[in-house]
There are 2 protein chains.
Amino acid sequence: MARLPGLGPRSARRAVLHLVKKRDTQLRPLARLMEEVGRTVRSCLNCGNLSTGDVCAICASAKRQNGQICVVEDVADLWAMERAQVFEGRYHVLGGTLSPLDDIGPEDLHIPKLRDRISAEEVTEVILALNATVDGQTTAHYVARELEGTGVIVSGLAQGVPVGGELDYLDGGTLRAALSSRKAF
Amino acid sequence: MARLPGLGPRSARRAVLHLVKKRDTQLRPLARLMEEVGRTVRSCLNCGNLSTGDVCAICASAKRQNGQICVVEDVADLWAMERAQVFEGRYHVLGGTLSPLDDIGPEDLHIPKLRDRISAEEVTEVILALNATVDGQTTAHYVARELEGTGVIVSGLAQGVPVGGELDYLDGGTLRAALSSRKAF
Ligand SMILES: [Zn+2]
Ligand SMILES: [Zn+2]
């Protein structure tokens with residue numbers, strides 16, 4: 001349990017102790033639930049989102065618009081976009097970012113499937129919603145190059161001051177991006 | 001000392017104790033320095049920056065470009081912009097943001113002087129570098145309206161993902177701004 005992200009060894013020990021004490025009301029139901037999740041949840045064959053069937057709820061939904069695909073690094077980022085309720089198109093989970101240090105190369109990302117979807121789903125715009133980190137932006141540029149010649153518009157999230165952000169707490173890079181992308185009122 | 005921003009009562013007590021113990025090497029020199037700063041430092045008559053003369057070093061510098069004025073809330077924000085080394089024009093310190101709760105109204109902000117400077121310094125663009133908070137953005141819109149008819153371009157800092165920002169940690173408002181201001185690659 002100490003290997004779970006966000007749990008240090010001490011909190012892991014406390015969680016285990018808590019579960020063992022409540023073995024009938026908590027430990028066993030949790031174990032059953034985990035077993036069931038492990039058996040039924042898999043990756044959407046279309047976008048890589050978590051799914052209980054071949055195709056996830058978002059790919060299957062008639063309410064989501066065709067035409068725009070939002071590319072995210074992993075399912076956690078897809079959830080972040082969905083929580084914000086800002087995007088009504090469909091997603092594509094890359095499955096990672098290029099990272100020479102972690103030995104993740106282009107062949108580990110789901111780019112061929114993305115290219116297939118562009119023609120199959122009549123996509124006009126691919127929005128690269130990748131982290132504003134070095135790895136995220138390197139990956140964004142790589143994917144953008146890979147999509148050249150498909151005729152699709154490739155865009156990236158704007159960089160700037162986060163909502164609620166105070167100038168005095170922002171780093172120089174963010175101020176530079178916010179100033180160079182300033183918008184007329 | 002506990003009234004200083006960033007110092008809680010406990011750190012304030014420790015700082016006082018430290019200064020009293022080192023009264024000759026630290027307390028007295030600090031007191032002299034503070035007295036001198038209080039006597040010599042005042043507000044630049046042109047922009048509101050701190051200054052030892054009538055006009056601050058930035059307003060007086062021939063290296064700074066005329067034509068662009070970056071409007072900030074206070075001197076701390078001016079320092080933040082200068083630390084980032086992103087702006088080569090001149091500044092104007094508003095002296096606060098509109099805040100009904102704190103009883104700060106338009107008459108408390110240095111807007112008339114800003115209007116004077118636009119013609120006197122042949123300004124073509126005013127960049128409102130105000131915080132991305134409710135008060136900051138309310139103030140930005142108020143200043144923009146006050147500058148209508150001056151012929152100057154009024155712009156604001158871009159909102160979006162801060163540099164290094166990871167989607168999973170961003171609030172919905174920031175994701176919305178970043179998506180709606182997305183840029184073609
Ligand atoms: Zn799917
Ligand atoms: Zn000045």
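About the criteria used
- Here, residues in each chain are numbered from 1, in the same order as that chain's written sequence.
- Key to labels: chains lettered from A, ligands numbered from 1, both in the order written.
- pLDDT decides what is reported in this predicted model: residues at 70 or higher carry local features, side-chain atom pairs at 80 or more are listed and counted, and totals for whole chains, interfaces and linings draw on all residues regardless.
- Excluding hydrogens and water, the side-chain values take into account all heavy atoms of the structure.
- Runs of E in the DSSP output that reach at least two residues are strands. Runs of H or I that reach at least four are helices, and both are numbered from the N terminus.
- Radius of gyration: over C-alpha atoms. The globule rule applied is 2.2 Å multiplied by the number of residues raised to the 0.38 power.
- Only protein chains enter the accessibility calculation, which uses a 1.4 Å probe. A residue is then buried if its area is under 20% of the maximum for its type, exposed if over 50%, and partly exposed in between.
- We call two residues contacting when some pair of their heavy atoms lies within 4.5 Å.
- Just so you know, the count uses Lys and Arg for positive and Asp and Glu for negative, and it drops His and the chain ends.
- By convention, the charge on Lys lies at NZ, on Arg at CZ, on Asp at CG and on Glu at CD.
- A patch consists of residues whose relative accessible area exceeds 30% and which take part in no salt bridge; residues with like charges are grouped when within 9 Å of each other, and nonpolar side chains (Val, Leu, Ile, Met, Phe, Trp, Tyr) when within 5 Å.
- All accessible-area figures derive from a Shrake-Rupley calculation using a 1.4 Å probe, and residue coverage is judged against the displayed protein chains alone.
- Salt bridges, as used here, are contacts in which a Lys or Arg side-chain nitrogen is within 4 Å of a carboxyl oxygen on Asp or Glu.
- UniProt positions are given in the numbering used here, feature names are shortened, and annotations may be inferred rather than shown by experiment.
- Alignment of copies: least-squares fit on C-alpha atoms of residues with pLDDT of at least 70 in both copies.
- Each metal's donors comprise the N, O and S atoms found within 2.8 Å of it (within 3.2 Å for Na, K or Ca). Water is not part of the atom list, so some coordination spheres may appear incomplete.
- Just to be clear on the cut-offs, tetrahedral is four donors with all angles between 85 and 135 degrees, square planar is four donors and octahedral six with opposite donors over 155 degrees apart and all others between 65 and 115, and anything else goes down as irregular.
- Ring pairs shown here join Phe, Tyr and Trp side chains whose ring centres sit within 6.5 Å, with only the six-membered ring taken for Trp; geometry is labelled stacked below 30 degrees between planes, edge-to-face above 60, and tilted in between.

A. Region of interest: the overall build of chain A. The secondary structure content of chain A amounts to 7 helices and 7 strands. The helix and strand sequence of chain A, counted from the amino end, reads α-α-β-β-α-β-α-β-α-β-α-β-α-β. Scaling as 2.2 N^0.38, a compact globule of 185 residues should have a C-alpha radius of gyration of about 16 Å, whereas chain A reaches 20 Å, well beyond that. Over its C-alpha atoms, taken along the principal directions, chain A stretches across nearly 60 × 45 × 35 Å. By the burial criterion, 42% of the 185 residues in chain A qualify as buried. Taking contacts inside chain A between residues at least 6 apart in sequence as the whole, the part at least 24 apart equals 49%. Where the 22 positive side-chain charges of chain A centre and where its 23 negative ones centre are 11 Å apart.

B. Here's a closer look at a nonpolar patch on the surface. Residues and elements named next belong to chain A. A cluster of nonpolar side chains, contributed by L30, L33, M34, V37, V41, L50 and W79, occupies part of the molecular surface with about 640 Å² of accessible area. Here the nonpolar patch takes 4 residues from helix α2 (residues 23-40), the largest share from any one element. Of note, W79 is situated in helix α4 (residues 75-84).

C. Representation of the UniProt feature "zinc finger region: C4-type" (unreviewed entry) in chain A in the model. The UniProt entry lists residues 44-59 of chain A under the feature "zinc finger region: C4-type" (unreviewed entry), expressed in the numbering used here. Within residues 44-59 of chain A, the helical portion is 19% and the strand portion 12%, while the C-alpha atoms at the span's ends are 8 Å from each other.

D. Main features of the relation of the copies chain A and chain B. Between chain A and chain B, which share one sequence, the superposing operator has a rotation angle of 180 degrees and an axial displacement of 0.1 Å; the RMSD is 0.1 Å. Expressed as an axis order, the relation between the two copies is that of a two-fold axis. When each C-alpha of chain A is compared by its distance to the rotation axis, G160(A) comes out closest, at 2.1 Å. Of all interface residues in chain A, 100% are interface residues in chain B too; the two copies therefore contact each other through one and the same surface.

E. Here's a closer look at the coordination of the zinc ion (ligand 2). Residue and element names in this part refer to chain B. Distances from the zinc ion (ligand 2) to its protein donors, C44 (SG), C47 (SG), C56 (SG) and C59 (SG), fall at 2.2 to 2.3 Å. Its 4 donor atoms give the zinc ion (ligand 2) angles of 106 to 114 degrees at the centre, a pattern that matches the tetrahedral case. Mapping the donors of the zinc ion (ligand 2) onto the primary sequence yields the spacing C-x2-C-x8-C-x2-C. A residue pair is termed long-range when its members are at least 10 positions apart, and C47 in the loop between β1 (42-43) and β2 (50-51) and C59 in helix α3 (residues 57-60) qualify at 12 residues. For the pair formed by C47 and C59, the shared burial category is buried.

F. Expanded view of the coordination of the zinc ion (ligand 1). All names here are of chain A. Looking at the zinc ion (ligand 1), the protein donor atoms are C44 (SG), C47 (SG), C56 (SG) and C59 (SG), and they sit 2.3 Å from it. Coordination at the zinc ion (ligand 1) comes from 4 donor atoms whose angles at the metal span 105 to 115 degrees, giving a geometry best classed as tetrahedral. In primary sequence terms, the donor set of the zinc ion (ligand 1) follows C-x2-C-x8-C-x2-C. Here C56 lies in the loop between β2 (50-51) and α3 (57-60) and C44 lies in the loop between β1 (42-43) and β2, a separation of 12 residues in the sequence.

G. Seen up close, the packing of aromatic side chains. Residues and elements named next belong to chain A. One pass over the structure, following the stated rule, counts 2 aromatic pairs over all chains. Considering the side-chain rings of F87 and Y91, the 5.3 Å spacing of their centres and the 65 degrees angle between planes classify their relative orientation as edge-to-face. The residues F87 and Y91 share a single accessibility class, namely buried.

H. Spotlight on the pattern of salt bridges. If you walk through the whole model with that rule in mind, you get 16 salt bridges over all chains. Close ionic contact of E125(B) with R182(A) constitutes a salt bridge, the shortest N to O distance being 2.5 Å. Of this pair, E125(B) sits in strand β5 (residues 125-128) while R182(A) sits in the loop between α7 (172-180) and β7 (183-184), each in a different chain. Assessed through its relative accessible area of 10%, E125(B) is described here as buried. Linking E35(B) and R39(B) is a salt bridge whose minimum nitrogen-to-oxygen distance equals 3.2 Å. Placement of the pair is E35(B) and R39(B) together in helix α2 (residues 23-40), with a separation of 4 residues, close to one helical turn.

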